[in-house]
Every structure is written in structure tokens, then in C-alpha cells.
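What follows is the residue order along each chain.
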Amino acid sequence: LQGMDLTHPFQYIADFYHYMGGMPFKASDYADYRGIQPSTIRNELIPLSYQGFLAYDAATDMVTVQERLLNFLDYQTGKLDYDVIRFESDVDLTPADNVAVAPNSQASAPNGILDLKNYDIQLLGVKGVAVSDYQNVSFRPENNTILLKKNRDFQFNGRLDAGMLSLYGEGFYFSYDDFRVELKRVDRMQLRVKTDKVDNQGHLVNQSVKSMIRDITGYIEIDRPDNKSGNKIYAGYPKLTSKENAKVYYDHESIQNGRYKKENFYFTVDPFTYEDINNIRHENTSFDGVLTTGIFPDIRHPLVIREDYSLGFIDKAPAEGYPIYGGVAKYYNDIDLSWSGLLGNGELVYLTSHSISPRFTFLPEIVHGKTSDFTVQETTTGTKYPGVVLGKSTEFMVDGAKQTGQTQLYFSPFQQQLNVSATKGRFHMFPTSRNESGFECKLMGALNVTPEGLWGTGRVDIDDKHVKMEGGHLTFDDHSIEADTSFFRTEAYREELQRWVPDYGELRRDIVVKHPDSDPDDVNL
């Protein structure tokens, strides 16, 4: 309307209107005030009368200024608040599924349906509604349908975008007077967070957070009710308030192949208020609540945005450790929750065994990880266990370089079994002061710690006796090794044969030894 004029025509009219004491005036008097020909003024006033900003009586040449014109000026100068809500209906030519159309009718679906009982209007073909451009709040209704109610309130199912949040659910209700959205059944909410990366225009890049907060009830305050236009800046808006507990689940297939089922593994988010959701960053995002796993006791710790853009935390077990899997074992040190799952950097204690790993993976039915230190304490009463060590204290040389022992651990708590395989080095077993290594023998293979004792598979080297023994089921107690079936040989016997039998290398030289309880005829050379 202003065109190329330096001053808006509304301002000229309002100034003359106030000059005339708020009374109707003649167009010719207004033309003299402006210094413009009356015919030019009339050509300016007539279109404004069609648009409802003033009333012009051509017979009397009288102009009556309407309140709408004055309101527009007050909106523009910030004296009055206004909204920017716009409903645009663009229906397809095909009738909507829920709209009755006469058979063989070529009519398109209606844009809206008025309910004469309550005057609600079902608006169809509404792909989106923006209620605050300034605060970045808009709706994307499911099936492109909203229900418009009295005083510009409306409700819908679908998606709500508010700042850096996207919420999906049913029963969203927008209250015009309160200028807020009631959240009745939000299935999931996704956050976006500002990163330190910059795009080509110099803006910070937003990154979606992988974890979603689910089952939210509450409301979003878009802005102060008297600031629908967003002309004034009030800190903290838009603002999300969650009135009841919500949930975060870790059952996504990308997290440990979906092993954390939502029925047993979840984070309960306490009711919270999140202000300024247009500016979500790592440092201002924290949700208080409790982690329930079925592995550890419930852990109360704030949920934060992790480096992999998932919701999680790092906590430390108490000094006395956490009982795990109902008290079958104990765990000490760090607990790490993220999109990688439930991990640990610490010590697992089961029966007389101690396993230290920088990365345990805790699953509902198993724990696995590579250990940097593994020990079994010698026990000489009750169920007997030998002393065992494999780790940093069991160094060995490979190509002139020192290496330390390492194992691969699998702990099955409900089967009451801890399996440890030597991946670097050998298990040092049966501590002694009689030789330089400090152990009677070494095992290349695997051990199983159970309540019934320790058993394993592999090859046992008894160094000072020059004896090697291999078996598929070797049973160890505090002072002996037993086997149902094993392969047994002595290096001293081999050396003697090599001296007297030139073709010794072509001869079979293992002794198959059966348990004393088996048939003696089974022992052969």
C-alpha cells in the first residue's frame, strides 16, 4: 500500500483523523491537508474502503476511519500485539476418505466442514500451519486435517516443530489466548543440537540427536500471550514443560542389535521444564531421571547429550561396587551409557575371579569384553580354585618387543559361567616360589570359572618338568590338574629319542593318557 511514498497512507490518514478530533472528515479537506488534488485523494481512499480500513460516502464526500486502520498502525509500531496465523486449504480433486460425496459426483473434496452442533470446522488440505515465525513454531497435521474451534483454538494429530524440537503424536491442542500447545499423547520427541560446525553461509550446523524422548505429556509455551507477534524479546521462550514422567528407550537395532528391549531397559525422565528450545546445545541439555536395566540396580543420574549425539551419561559405581544381575557378580568403576549401549571401564568380580577391562559391554544376558588383567584367587577351602594370572604382570617378548597378556571374556550370569580365552600370552597358574616365573605351569587356551570350580581347554606347559599336556576338558583345583582324556608328552623324552633314533621325527611321539578310572588297555604309546 505504501508504494514509493516515504510515508505510509495509513499514517497520513491517522494524523489528519486525530487533527480533526477523531471525527469523520471530508475527502476534500484531507486533500487540502495533503496538498494533493481531491480526485487523486479519492482514488486513494476508495480502494481502502473496499478493504475495510475506512468508510467513504461518495454522495457526501465524508470519510469515516475504521478501527481496523488504527489497529494496523498500532501493530506496526508495537503498541498492540497481533498474530501471524494463516490457514491455507489446498484439497486434491479426489474426495477425502472421510467426506461423503454423492455417487458419480465430480465434485472435489470440500475445504472445510462446519459442524452445526458446536460450530467446529474441520479444515482439509492443510499441509502446515505456522503460528509463530519468530519462535519457529509450526504444525504439520496428519492427513492434512485440523479441527478449528472457537476463538482460533484448534487441535490436530501429527507433527509439531517448536524451535529445535520435533514432536510426533496425537491430541495436540493449540490455545490461542494462552498461546501455547497442550501435549496430550506425544509418542516421541526428537531434539536437534547446535554443533561447532559452520555451513557455507557461516551459520552453525544443527545435528539431530539419535535418542528420542517418548511418552511426553505437558505443554509448550510459544511466547507470552501478549507477544504473539514476537515484536518483543522475552527470555526463555519457547518453553517446554513436561508434567509427568517420560521415557527414553535403547531398543534401536543400531544399539547392540536391538538387545535392550524397552520392557526391561529404559531411562525414566523426571518432569522437567526446558527453556529457550530455539537454542539447544550440549551444555544446556540435561534431564534428571533413573536408568532401569535389569543388569545394575536402578541408577539415578542426569541424562545428557553425548559426543555421538545420543542421550546417555558416564557414572561411577560406589566404592563398595554395584551388584549386577541380581547379585551374581559385582562391578566397580565407570558405567557408560550411549548409542553404543551400556559399557563399562572397570573391574568385574565373579566368585574368586577379577577381570579388568577398558570396555565391558553389558547386555541383558551376557557381558563381554577384552580384559587387560585377569586373575583367579587361590582358594584351598570349600570349592578349590588355583591361582591364575594373565595381564599386565605377565609380560612376554614378540619380535624383540614386550607385550602384556590379554583375554576375551564372556560372562553368562544366568548360566553361572565366566569364560575367558587367552588372546595374547598364556595363563600363569599355580603360584610357586620354586622357579623363576613364579608359577608351576602356563595354559594356552580358555578357562571357565563356575561355582563348581575351574575348568578349561588347551595346552598346559609344566616348565620345570618339561611336560606338555593337552585336553578338551581339564579340571583345576588348588594343587592338581585332572582330565578325562588328554594328550601328554615330555620334552626330555623327546630329546633322548632324538639322540638314539635317527628317524625320530617320522615317528608318532605323543602319549594318549586316559583317566585312571577308564580302561587301562586304552593307554598306548
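### Topic: the overall build of the protein chain
Helix and strand content of the protein chain: five helices and 39 strands. The C-alpha radius of gyration of the protein chain comes to 40 Å, more than 25% above the 24 Å expected for a compact globule of 525 residues. Overall, the C-alpha framework of the protein chain stretches about 140 × 55 × 45 Å when taken along its three principal axes. Expressed as a percentage of its 525 residues, the buried residues of the protein chain come to 43%. Residue pairs at least 24 apart in sequence account for 45% of intrachain contacts in the protein chain once pairs closer than 6 positions are excluded. Taken as a whole, the protein chain presents about 28100 Å² of accessible surface, with 48% of it coming from carbon and sulfur.

### Quick look at the pattern of salt bridges
Enumeration according to the criterion identifies 23 salt bridges in this entry. Across the salt bridge formed by Asp161 and Arg159, the nearest N and O atoms sit 2.9 Å from each other. Residue classification places Arg159 among the partly exposed positions, given a relative accessible area of 23%. Across the pair Lys468 and Asp461 runs a salt bridge, and its minimum N-O distance is 3.3 Å.

### Remarks on the packing of aromatic side chains
In the structure shown here, the tally under the stated rule is 35 aromatic pairs. Centroid distance Tyr325 to Phe414: 5.8 Å. Interplanar angle 90°. Geometry classified as edge-to-face. Taken together, the residues Tyr325 in the loop between β22 (322-324) and β23 (329-338) and Phe414 in the loop between β31 (406-412) and β32 (417-424) connect sequence positions 89 residues apart. Residue Tyr325 is classed as buried on the basis of its relative accessible area of 4%. Among the aromatic residues, those joined into a cluster by ring pairs are Phe87, Phe139, Phe154, Phe156, Phe172, Phe174 and Phe179. The aromatic ring of Tyr237 is capped on one face by Lys239, whose charged end is 4.9 Å from the ring centroid.

### A few points about the environment of Trp455
For Trp455, the location among the structural elements is in strand β35 (residues 453-462). Overall, the relative accessible area of 23% leaves Trp455 in the partly exposed class. Measuring from C-alpha to C-alpha, the distance between Trp455 and Phe476 comes to 5.7 Å, with 21 residues separating the pair along the chain. Beyond its immediate chain neighbours, meaning those up to four positions away, Trp455 contacts Gln417, Ala446, Leu447, Asn448, Thr450, His473, Leu474, Thr475 and Phe476.

### Looking at the environment of Gly453
Within the secondary structure, Gly453 is located in strand β35. Remark: the alpha-carbon pair of Gly453 and His466, spanning 13 residues in sequence, is separated by 27 Å. Once residues within four sequence positions are removed from consideration, Gly453 is found in contact with Thr383, Tyr385 and Asn448.

### Comments concerning the sheet that holds strand β1 (residues 25-26)
Taken in spatial order, the three strands of this open sheet run β1-β3-β2, and their pairing is antiparallel. Edge positions in the open sheet fall to β1 and β2 (54-57), since each of these has one partner strand only. Across four bridges, β2 lies against strand β3 (residues 62-65) in antiparallel orientation. Across the sheet, Leu54 pairs through a bridge with Val65, a residue of β3. Against the sheet, helix α3 (residues 38-50) engages β2 and β3, with an angle of about 125° to β2.

### Observations concerning α3
The first and last C-alpha atoms of α3 sit 19 Å apart over 13 residues, in line with the 18 Å expected at 1.5 Å per residue. All of the buried residues along α3 are Ile41, Leu45 and Leu48. Projected onto a plane normal to the axis of α3, the buried residues spread over an arc of 55° and lie on a single side. The outward face of α3, more than 90 degrees from its buried face, is lined by the exposed residues Asn43 and Tyr50. Along its buried surface, α3 packs onto α1 (9-19), α2 (27-34), β2 and β3.

### Focus on the confidence of the model for the protein chain
Mean pLDDT for the protein chain: 89, with 90% of residues reaching 70 or above. In the predicted structure, residues 507-512 sits below a pLDDT of 50 and forms 17 contacts with residues beyond four places in sequence or in another chain.

Rules of the game
- Residues numbered from 1 in each chain as written.
- Predicted model: local features only at pLDDT ≥ 70, side-chain atom pairs only at ≥ 80, totals over all residues.
- Heavy atoms only, no water.
- Helix = DSSP H or I, 4+ residues; strand = E, 2+ residues; numbered from the N terminus.
- Rg over C-alpha atoms; globule rule 2.2 N^0.38 Å.
- Buried < 20%, exposed > 50% of the residue type's maximum accessible area, 1.4 Å probe, protein only.
- Contact = heavy atoms within 4.5 Å.
- Areas by Shrake-Rupley, 256 points an atom, 1.4 Å probe, with all protein chains shown as cover.
- Salt bridge = Lys/Arg side-chain N within 4 Å of Asp/Glu carboxyl O.
- Phe/Tyr/Trp six-rings, centres within 6.5 Å; stacked < 30°, edge-to-face > 60°.
- Lys NZ or Arg CZ within 6 Å of the ring centre and 35° of its normal.
- Pairing = 2+ DSSP bridges.
- Axes fitted to C-alpha atoms, helices over the stretch in contact; angles between N-to-C directions.
- Expected span 1.5 Å × (residues − 1).
- Arc of directions from axis to C-beta.
- pLDDT = per-residue confidence, 0-100.

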